[in-house]
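The primary structure of each chain is shown beneath.
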Amino acid sequence: MKSVRVTGPDVVEWVEIDEPEAGPRDVLLKIKACGICGSDAFYAHNGGIPPREGATPLGHEPAAEVVEVGADVDAVQVGDHVVIDTMAFADGLLGSGGAQGALSELVVVKEVEAGRQLKVIPSHIPWHVAALNEPMAVAHHAVNRSGAKARDKAVVFGAGPIGLGAVISLKARGVAHVVVADILPGRLEKALQVGADAVVDSAQEDVVARLIELHGEASNSLGQGGYAGTDVYIDAAGAPSVIETALAAAKARAVITVPAVHKRPVEIDFGRILVQELDIRTAMGYPTEIFEVTDAIVANWEKYALIVSDTLPFDRALDALTLARTPGAADKVVVTFD
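Here is a short report on the structure shown in this document. No experiment lies behind these values; they were computed from the predicted model shown. (Residues numbered from 1 in each chain as written. Predicted model: local features only at pLDDT ≥ 70, side-chain atom pairs only at ≥ 80, totals over all residues. Heavy atoms only, no water.)

1. Comments concerning the overall build of the protein chain
Line of reasoning, step 1. A tally of regular secondary structure across the protein chain gives 11 helices and 18 strands.
Line of reasoning, step 2. Relative to its length of 338 residues, the protein chain is compact, with a C-alpha radius of gyration of 21 Å against a globular reference of 20 Å.
Line of reasoning, step 3. In terms of overall dimensions, the protein chain has a C-alpha envelope of 65 × 40 × 30 Å along the principal axes.
Line of reasoning, step 4. For the protein chain, the proportion of its 338 residues judged to be buried stands at 51%.
Line of reasoning, step 5. Just so you have it, the protein chain exposes about 14,700 Å², and 50% of that area is on carbon and sulfur atoms. (Helix = DSSP H or I, 4+ residues; strand = E, 2+ residues; numbered from the N terminus. Rg over C-alpha atoms; globule rule 2.2 N^0.38 Å. Buried < 20%, exposed > 50% of the residue type's maximum accessible area, 1.4 Å probe, protein only. Areas by Shrake-Rupley, 256 points an atom, 1.4 Å probe, with all protein chains shown as cover.)

2. Considerations on helix H9 (residues 292-299)
Line of reasoning, step 1. Along H9, the positions that sit buried rather than exposed are Val293, Thr294 and Ile297. On an axial view of H9, the arc spanned by its buried residues comes to 110°, and they lie on one face.
Line of reasoning, step 2. Against strand S6 (81-84), strand S8 (118-121), helix H2 (127-130), helix H3 (133-146) and helix H10 (301-305) lie the buried residues of H9. (Arc of directions from axis to C-beta. Contact = heavy atoms within 4.5 Å.)

3. A look at a negative patch on the surface
Line of reasoning, step 1. Together, Asp18, Glu19, Glu21 and Glu68 give the surface a local cluster of negative charge.
Line of reasoning, step 2. Here Glu19 lies in the loop between strand S2 (11-16) and strand S3 (27-35).
Line of reasoning, step 3. Classification of Glu19 by relative accessible area gives exposed; the value is 53%. (Patch = residues over 30% accessible without salt bridge, like charges linked within 9 Å, V, L, I, M, F, W, Y side chains within 5 Å. Salt bridge = Lys/Arg side-chain N within 4 Å of Asp/Glu carboxyl O. Lys, Arg positive; Asp, Glu negative; His and termini not counted. Charge placed at Lys NZ, Arg CZ, Asp CG, Glu CD.)

4. Brief notes about the side chain of His141
Line of reasoning, step 1. Within the element layout of this structure, His141 appears in helix H3.
Line of reasoning, step 2. Given the relative accessible area of 9%, His141 is considered buried.
Line of reasoning, step 3. Polar side-chain contacts of His141 include one of 2.9 Å to the side chain of Glu289.
Line of reasoning, step 4. When residues no more than four places from it in sequence are discounted, the contact partners of His141 are Ala283, Met284, Gly285, Tyr286, Pro287 and Glu289. (Polar contact = N/O pair within 3.5 Å; in protein donor to acceptor, adjacent residues only side chain to side chain.)

5. A closer look at the sheet that holds S2
Line of reasoning, step 1. Sheet architecture is open: three strands sit in the order S2-S1-S4, paired in antiparallel fashion. Edge positions in the open sheet fall to S2 and strand S4 (56-57), since each of these has one partner strand only.
Line of reasoning, step 2. Its contacts with the sheet put helix H11 (residues 317-325) on strand S1 (2-8) and S2, and the angle it makes with S2 is roughly 160°. (Pairing = 2+ DSSP bridges. Axes fitted to C-alpha atoms, helices over the stretch in contact; angles between N-to-C directions.)

6. Structural notes on the layout of surface pockets
In this approach a probe as big as a water molecule rolls over the atoms, and the regions it shows empty are the leftover space.
Line of reasoning, step 1. Roughly 150 Å³ of volume is contained in the second largest pocket.
Line of reasoning, step 2. Surrounding the second largest pocket, Asp10, Val11, Val12, Ala41, Ala44, His45, Leu318, Leu321, Thr322 and Arg325 form its lining.
Line of reasoning, step 3. Put simply, the parts of the chain that give the lining of the second largest pocket at least two residues each are S2, helix H1 (38-45) and H11.
Line of reasoning, step 4. With four residues, the single largest contributor to the lining of the second largest pocket is H11.
Line of reasoning, step 5. Of the residues contributing to the lining of the second largest pocket, the split by class is six nonpolar, two polar and two charged. (1 Å grid on protein atoms, 1.4 Å probe; cavity = no way out; pocket = protein on both sides within 12 Å on 5 of 7 lines; lining within 4 Å. Points joined across faces, edges and corners; volume = space filled by probe spheres on them. Nonpolar A, V, L, I, M, F, W, Y, C, P; charged D, E, K, R; others polar.)

7. Topic: the packing of H3 against helix H4 (residues 161-172)
Line of reasoning, step 1. It is the contact of H3 with H4, at a shortest axis distance of 8 Å, that shows an interaxial angle of 55°. Relative to H4, H3 is oriented oblique. Relative to H4, the crossing made by H3 is right-handed. Touching Pro135, Met136, Val138, Ala139, His140 and Val143 of H3 are Pro161, Ile162, Gly165, Ala166, Ser169 and Leu170, all from H4.
Line of reasoning, step 2. Per-class residue counts for the contact of H3 with H4 are nine nonpolar, three polar and no charged. (Parallel < 35°, antiparallel > 145°, perpendicular 65-115°, else oblique. Left-handed = near helix turned anticlockwise from the far one by under 90°.)

8. Some words on the pattern of salt bridges
Line of reasoning, step 1. Under the criterion given, the structure shown has 14 salt bridges.
Line of reasoning, step 2. One salt bridge in this structure joins Glu113 and Arg116, with 3.7 Å as the shortest N-O distance.
Line of reasoning, step 3. Between Arg253 and Glu277 there is a salt bridge whose closest N-O contact spans 2.8 Å. Here the residue Arg253 occupies a position in the loop between helix H7 (240-249) and strand S15 (255-258), and Glu277 occupies one in the loop between helix H8 (270-273) and strand S16 (279-282), the gap between them amounting to 24 residues.
Line of reasoning, step 4. Under the relative-accessibility criterion, Arg253 is labelled exposed at 56%.
Line of reasoning, step 5. Via salt bridges that share partners, Asp182, Arg187 and Asp331 belong to a single interconnected network.

9. Observations concerning empty space enclosed by the protein
Line of reasoning, step 1. Applying the stated criterion across every chain yields a total of one cavity of 30 Å³ or more.
Line of reasoning, step 2. Within this model, the largest cavity holds a volume of roughly 40 Å³.
Line of reasoning, step 3. The wall of the largest cavity is formed by Val83, Ile121, Ile125, Ala130, Asn133, Thr294, Ile297 and Val298.
Line of reasoning, step 4. Tallying contributions element by element places H9 first for the lining of the largest cavity, with three residues.

Next up, the structure:
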């Protein structure tokens, strides 16, 4: 069968491999859709994921159909539609250094345990939407880490897939007012469509002033004013200017949560922000959220569908990888299978 693999630095190719076989405790999946992640380009640029020997399989945002079930497995049935915990495979992280990747026609889940690697979803959920389960779990974990509560006021920097997913999760928690800041008008429009209460074009507007206008003025721990009434800041952009803006705006005991990958160090003057008593948190992956977010996607799949900007068929998977890593060309690219 065909599989997309990293075979060298900045070299991604089609590779012919043997079809996997399912043992008595295994489940064979036919991949129906797989999202493209920014980390795929990172893996490709580095020539794969060491210390793995040989080509690195790609694809870690899958949705699939069960096509074969081992005799000792009763967690799923043939024909079930499933989303997948790619970090729970017995043979390594799916598409992130493990033996298999979801940019392949078939994947075998070994040593299946009920509720661990797979979750069944309704058959009416479109495959390209189901494939958002993994990145939306990342966004959901960021919101969980932020501690956002009902009636809080929040701002999300970056209206890419993770930022948009965070907006949906924040509103589902009952957060009273969610602002999204970005520099692209199209992304800001999409933020409003998925539920943001207001948007800020950070290329044209003073973000701190707008947050004060939208969330009211607040003070630092010494009672000095000039800060925004925003409770929660989520950096889904990964730009140094986002951290600078958040630090300038944040009131006493506000929470700044960073799920974004920063590619270079960001300087923080802790002497300057001491009087704000800020809580700065990072958010990585999805320790518990991979299937927590599934029910939200099932309940609101039309809203999540807005996050997908482009779908390409599996035979154009290499084009999909190129499209996804081209700045400004696409927001969320998903590969679909017949």
